[in-house]
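Read off the chains here:
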Amino acid sequence: MARSLDGLVLAPVADQAPGQVGTRTRFVYHERDGEIWAEYAGGDVVRGHLVGTREGDRLDFRYVQLKHDGTTSSGHCASQVVELPDGRVRLEETWEWESQPGSGTSVVEQVTQHAR
């Protein structure tokens, strides 16, 4: 199993659709006893939260976010935790909105101290 996500900062490696999570978004993860949660913000997202579970290297969580235009949205995501050769963590994600149409895949990677 890859190392704990607790306290790690992760960011998308590419922008998603306009108005969604993008490379300027930062996720601060927490993990304890199989539970995971995170706060995120940046880009078009004013504030976002996710909460779910971890079993081995698989995360399953739901997310909700507030955008600068005042709209909210929510969805479900399943992620695979991968440890990169340089020791950083990558999450390979498959997500689907529950509050609106849309689904896709994304990759977020641990941000090193100098890249925050």
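With an unreviewed UniProt entry as reference, the chain is termed N-acetylglutamate synthase, source organism Streptomyces yaanensis.

Right, let's talk about the overall build of the chain for a bit. Per the secondary structure count, the chain includes 0 helices and 8 strands. Scanning the chain from its N terminus toward the C terminus, one meets helices and strands in the order β-β-β-β-β-β-β-β. Relative to its length of 116 residues, the chain is compact, with a C-alpha radius of gyration of 13 Å against a globular reference of 13 Å. Viewed in the frame of its principal axes, the chain has a C-alpha envelope of about 35 × 30 × 20 Å. Sequence separation of at least 24 residues holds for 32% of the intrachain contacts in the chain that already meet a minimum separation of 6. As presented, the chain carries roughly 6,300 Å² of accessible surface, and 50% of it is formed by carbon and sulfur atoms. For the chain, the distance from the average site of its 12 positive side-chain charges to the average site of its 18 negative ones is 5 Å.

Rules used throughout
- Residues numbered from 1 in each chain as written.
- Predicted model: local features only at pLDDT ≥ 70, side-chain atom pairs only at ≥ 80, totals over all residues.
- Heavy atoms only, no water.
- Helix = DSSP H or I, 4+ residues; strand = E, 2+ residues; numbered from the N terminus.
- Rg over C-alpha atoms; globule rule 2.2 N^0.38 Å.
- Contact = heavy atoms within 4.5 Å.
- Areas by Shrake-Rupley, 256 points an atom, 1.4 Å probe, with all protein chains shown as cover.
- Lys, Arg positive; Asp, Glu negative; His and termini not counted.
- Charge placed at Lys NZ, Arg CZ, Asp CG, Glu CD.

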